[in-house]
Amino acid sequence: MPTRRDVLISSGSALVGATLLPGTAPASEIKPKRASGHTVATSEDAEALSAAVDSEPVCLSDYEALARERAPKMAFEYISGGAADEITLKWNRESYDKLRLQPRIFVDVSKLDTRVKLFDQELPFPILLAPTAYHRLVHPEGEIATARGAGAAGATMVAGMLATVPVEDIAKAATGPLWFQTYILKDRAFTRDLIQRAEGVGCKALCITSDSPVVGVRNRDARANFSLPPNLERANLRGLMRTGGNLRPPEGDIYTPILDASLTWKEIEWLRSFARVPVLLKGVLNPDDAELAIKSGASGIIVSNHGARNLDTVPPTIDILPEVVDKVAGRIPILCDSGIRRGTDVLKALALGANAVLIGRPYLYGLAVGGDAGVTRVINIIKNEFKVAMALSGRPTTASIDGSVIWK
Ligand code: FNR
Ligand code: LAC
């Protein structure tokens, strides 16, 4: 017996939706049953439609809700959590929501140019996948599936040092551009070797995590008893340490076995002495540090509060961005992450001077819900939302997105 909802779907309302909705064609994991654009005739129809919408992720927060249901609890807590009281986590969202947009009408937006240039690389759109740890927590193929998903959507993936699959295998699976993120480890020779491995397999830029001499206060991890399950490993760190176990400091300590709390600017000079690809410093929040980053020879910076996972009560990055942009004055590219969930957020970050943005948690939720297809769809959703935001604000090219898009 077909349900009321099946009838609605097969009766063409899904087709109506398909002709009206811009091209976020549902990926294979999601059955095309959405019926947007349908004129609701009866309350029964309305109920069926609302059920259809409820069950299927159409925006990034829907993926979060589904991942909360489907991912192992410990993994979800680790991924979604922020530091301490999660004040910055809340602010990261509130600040984007507070910014209002100032559109222009009668601008020809029949063609949109979403391309941006970073270093000598042209990105088809200004959204990258931020480096995140331990993808096999939520999907058996882990970073391999993420790489495939990113490639299918045309997004650059920043592979993480704390991957559960070696960077060589991620590179083999990748069909799109790859960057690499690393910490500068206590073992400098190992760090150098790891960077050279990443360069050797074609990673086109290096993101040096600069905001983590110690790990933030992760109450949520502690409450969920988070540690890397025994069947998973920090695959890039073979030969360095026991690759499983816990990265949390021993009881009563704040220092971890591998992160180096003694790092200073001279390490960046050391790193630049052998790096063959552009070096970006990730985790810049202070304009004075942006200046020092340029002086130390960084090719770019990432304004990031680590997705609110490190120092709680630092401001949201979108509030800090304008000051950093002023200081940098166009000398090097500025990327920005932390809290970006909508195409309008991407528009706002670019309006305030970012050259590109990164998303973290949302694609992990996509991975948890739908594997590589879920990652692809998360990227396609936010990319298309960004295009809609460009069109409706009357900014047809990334170059035309400036401060005037923000309502004063
Ligand atoms: C991260 N992030 C991160 N950053 C980094 O430099 N090295 C790392 O190993 C990790 N690991 C990591 C794990 C998980 C589960 C998350 C959620 C985040 C931070 C990441 O690169 C990025 O800065 C934030 O995720 C951006 O914020 P949103 O988009 O998650 O709000
Ligand atoms: C995190 C570390 C791994 O944010 O950077 O969980």
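What you see is a predicted model; the values in this text were computed from it and never measured.

J.: Would you mind showing me how to read the site of ligand 2 here?
T.: Tyr78, Leu162, Tyr183, Arg218, His306 and Arg309 make up every residue found near ligand 2. Between ligand 2 and the protein, one listed contact pairs an oxygen atom with a side-chain N or O atom of Tyr78 at 2.6 Å. Side-chain polar atom of Arg309 to an oxygen atom of ligand 2: 2.8 Å apart, as the coordinates give it. Coverage of ligand 2 by the protein amounts to 86% of the 220 Å² it exposes when considered alone. Judged by the fraction of its atoms near the pocket grid, ligand 2 is located in the largest cavity. Looking at the shell around ligand 2, its residues break down into three nonpolar, one polar and two charged.

J.: What should I look at first to understand the layout of surface pockets in this one?
T.: If a probe as big as a water molecule is rolled over the atoms, it shows which places are left empty. Estimated volume of the second largest pocket: approximately 370 Å³. Among the elements of the structure, β6 (206-209), α10 (265-272) and β7 (279-284) are those that each provide at least two residues to the lining of the second largest pocket. Here the lining of the second largest pocket is built from residues that sort into 12 nonpolar, six polar and three charged.

J.: Explain the packing of aromatic side chains here, please?
T.: Enumeration according to the criterion identifies six aromatic pairs in this entry. On the numbers, 5.7 Å between centres and 35° between planes, the contact of Tyr78 with Tyr134 is tilted. A residue pair is termed long-range when its members are at least 10 positions apart, and Tyr78 in helix α4 (residues 73-80) and Tyr134 in the loop between β3 (127-129) and α6 (143-153) qualify at 56 residues. Judged by its relative accessible area of 4%, Tyr134 falls in the buried class. An angle of 70° between the planes, with centres 5.0 Å apart, marks the rings of Trp270 and Phe274 as edge-to-face. Note on Trp270: relative accessible area 24%, which makes it partly exposed. Residue Phe274 is classed as buried on the basis of its relative accessible area, which comes to 8%.

J.: It is not clear to me how the site of ligand 1 should be interpreted in this structure. Could you clarify?
T.: Within the structure, ligand 1 sits among 23 residues, and Pro131, Thr209, Asp337, Gly339 and Arg341 are positioned closest to it. Between ligand 1 and Tyr183 there is a distance of 3.1 Å, counted from a nitrogen atom to a side-chain nitrogen or oxygen. The contact in question runs from an oxygen atom of ligand 1 to an N or O atom on the side chain of Arg341, over 2.8 Å. In isolation ligand 1 exposes 600 Å². Once the protein is present, 99% of that is buried. Those elements giving two or more residues to the shell around ligand 1 turn out to be α4 and α14 (361-393). Its residues placed into classes, the shell around ligand 1 shows nine nonpolar, nine polar and five charged.

J.: What is the right way to look at the environment of Val405 in this model?
T.: As for its placement among the helices and strands, Val405 is situated in the segment after α14. In the structure, Val405 is positioned 301 residues away from Arg104 in sequence and 8.6 Å away in space, judged by C-alpha atoms. Contact partners of Val405, with chain neighbours within four places excluded, come to Arg100, Leu101, Gln102, Leu347, Ala351, Ser393 and Arg395.

J.: How should the nonpolar core be read in this particular structure?
T.: Proteins that are soluble and globular tend to have nonpolar side chains buried together. With 101 residues, the main nonpolar core has Tyr134, Met161, Phe180, Leu271, Leu281 and Ile301 as its most contacted residues. At 14 residues, α14 tops the list of elements feeding residues into this core. Setting aside anything within four residues of it in sequence, one finds Met161 in contact with Phe180, Gln181, Thr182, Tyr183, Leu185, Leu194, Asn236, Leu237 and Ile258. One finds Val116, Leu123, Ala130 and Leu335 within the second-largest nonpolar core, a separate group that totals 14 residues.

Cut-offs applied
Residues numbered from 1 in each chain as written. Chains lettered and ligands numbered in written order. Predicted model: local features only at pLDDT ≥ 70, side-chain atom pairs only at ≥ 80, totals over all residues. Heavy atoms only, no water. Near = heavy atom within 4 Å. Polar contact = N/O pair within 3.5 Å; in protein donor to acceptor, adjacent residues only side chain to side chain. Areas by Shrake-Rupley, 256 points an atom, 1.4 Å probe, with all protein chains shown as cover. 1 Å grid on protein atoms, 1.4 Å probe; cavity = no way out; pocket = protein on both sides within 12 Å on 5 of 7 lines; lining within 4 Å. Sits in = over half its atoms within 2 Å of the grid points. Nonpolar A, V, L, I, M, F, W, Y, C, P; charged D, E, K, R; others polar. Points joined across faces, edges and corners; volume = space filled by probe spheres on them. Helix = DSSP H or I, 4+ residues; strand = E, 2+ residues; numbered from the N terminus. Phe/Tyr/Trp six-rings, centres within 6.5 Å; stacked < 30°, edge-to-face > 60°. Buried < 20%, exposed > 50% of the residue type's maximum accessible area, 1.4 Å probe, protein only. Contact = heavy atoms within 4.5 Å. Core = buried A, V, L, I, M, F, W, Y, C linked by side-chain atoms within 4.5 Å.

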